[in-house]
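Residue-level listing of the chains:
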Amino acid sequence: MNPIKLFFLTIFSCLFLFTGKISAQPSQEVFKKLLRSNSIQVLGNACLKAPKYQYVFVTGIFNELMPYYFKDQIEWLTRCHVPSSQIRLARPYSGTGLTRSSNGLKELIQEMVSTQPTKPLIIIGHSKGAPEALLASLQSPQSIQQKIATIVCIQGSFGGSPIADLALGDDSATSSHNYRLVARVARRLASWLNRVERYYGKSVRDGVDSVKTKEARAFWTHFINENQNETILTENKIGRAHV
């Protein structure tokens with residue numbers, strides 16, 4: 001089997017499952033209202049178990065324009081009596097590439113494990129934050145990896161993003177059947193890119209480059225080939241979620 005397929009053939013570890021009577025095809029707003037009103041109940045004793053862990057949320061690209069990133073998830077943990085000292089929100093600068101961002105995350109993971117070594121760590125990464133979180137974990141010492149309970153990768157850009165490709169003027173990896181939709185989103189991304197660059201007064205192209213299709217696939221292919229004989233995180237600690 002292709003090493004990339006084998007590496008990312010993982011089990012999604014789902015700690016927080018929700019149930020409740022919801023009308024057919026509910027809108028996102030309806031779901032949010034139900035969640036915030038506690039009409040959706042948490043299965044089993046997940047809320048009781050929540051304080052036993054530490055949590056790191058890693059935001060995706062252009063998080064600078066999204067002040068409420070992971071707000072609902074953090075509020076839910078707070079309602080489950082998880083102290084703020086056990087919850088960290090990491091906002092990697094959008095202009096940094098995968099390797100540089102993951103180095104900063106490694107320091108954060110090390111700090112949390114050192115501060116509260118008896119509480120396992122749950123790492124949740126979204127979009128560009130997912131591969132950054134995974135790389136930081138994989139490159140951490142074995143003693144740190146043993147403190148990681150699970151890694152949840154939501155819509156991770158491991159294989160790159162055709163939206164990032166188009167935003168930077170490359171359409172070689174975009175299929176014709178979804179070109180119009182992707183192009184529309186890419187135009188919005190390009191606009192955000194310009195806004196973030198004006199905000200910081202410097203380029204963020206390196207960060208967007210790292211999630212282009214060719215660059216992302218080349219990076220992970222090289223990483224897997226270089227580390228396939230190393231003992232790293234077991235697959236049951238790593239999960240993917242496409243939502």
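Up top is the structure these notes are about.
Description of the structure in this document.

## Remarks on the overall build of the protein
- What the protein contains, in helices and strands, is eleven helices and seven strands.
- A total of 243 residues make up the protein; the buried ones form 42% of that total.
- Counting contacts in the protein only where the partners sit at least 6 residues apart, residues at least 24 apart contribute 80% of the total.
- With the model as given, the accessible surface of the protein reaches about 13600 Å², and the carbon-plus-sulfur share is 53%.

## Things to note about unusual backbone geometry
- Despite not being glycine, Ser127 shows a phi value in the positive range, around 60 degrees.
- Mapped onto the elements of the fold, Ser127 is located in the loop between β5 (121-126) and α6 (129-138).
- Notably, Gln155 is not glycine yet its phi reads approximately 50 degrees, a positive angle.
- Mapped onto the fold, Gln155 is located in the loop between β6 (148-154) and α8 (162-167).
- Classification of Gln155 by relative accessible area gives partly exposed; the value is 35%.

## Some remarks on the state of the cysteines
- On inspection of all chains with the given rule, the structure shows one disulfide.
- Bridging Cys47 to Cys80, the disulfide has an S-S length of 2.0 Å. Between Cys47 and Cys80 the sulfur-sulfur dihedral comes to about -115 degrees; the bridge is accordingly left-handed. Taken together, the positions of Cys47 in helix α3 (residues 46-49) and Cys80 in the loop between α4 (71-79) and β4 (87-90) put the pair 33 residues apart, joining distant regions of the chain.

## Concerning the nonpolar core
- If you look at the biggest cluster of nonpolar residues, it comprises 24 residues, and the most contacted ones within it are Val56, Val58, Ile109, Leu121, Ile123 and Trp220.
- Elements with a contribution of two residues or more to this core: β3 (54-58), α5 (98-115), β5, α6, β6 and α11 (213-227).
- Once you skip the residues sitting within four places of it in the chain, Leu121 turns out to touch Gln54, Tyr55, Val56, Ile109, Met112, Val113, Lys147, Ile148, Ala149 and Thr150.
- Counting residues in hydrophobic clusters, the runner-up holds 14 residues, among them Tyr69, Ile124, Val152 and Ile154.

## Digging into the packing of α6 against α11
- It is at 13 Å that the axes of α6 and α11 come closest, and there the two elements cross at 20 degrees. Taken together, the axes of α6 and α11 are roughly parallel relative to one another. For the crossing formed where α6 meets α11, the hand is left-handed. For the pair α6 and α11, contact is made by Pro131, Leu134, Leu135 and Leu138 and by Phe219, Trp220 and Phe223, respectively.
- Each residue belonging to the contact of α6 with α11 can be placed in one class, and the counts come to seven nonpolar, no polar and no charged.

Parameters and conventions
- Residues numbered from 1 in each chain as written.
- Predicted model: local features only at pLDDT ≥ 70, side-chain atom pairs only at ≥ 80, totals over all residues.
- Heavy atoms only, no water.
- Helix = DSSP H or I, 4+ residues; strand = E, 2+ residues; numbered from the N terminus.
- Buried < 20%, exposed > 50% of the residue type's maximum accessible area, 1.4 Å probe, protein only.
- Contact = heavy atoms within 4.5 Å.
- Areas by Shrake-Rupley, 256 points an atom, 1.4 Å probe, with all protein chains shown as cover.
- Disulfide = S-S within 2.5 Å.
- Core = buried A, V, L, I, M, F, W, Y, C linked by side-chain atoms within 4.5 Å.
- Axes fitted to C-alpha atoms, helices over the stretch in contact; angles between N-to-C directions.
- Parallel < 35°, antiparallel > 145°, perpendicular 65-115°, else oblique.
- Left-handed = near helix turned anticlockwise from the far one by under 90°.
- Nonpolar A, V, L, I, M, F, W, Y, C, P; charged D, E, K, R; others polar.

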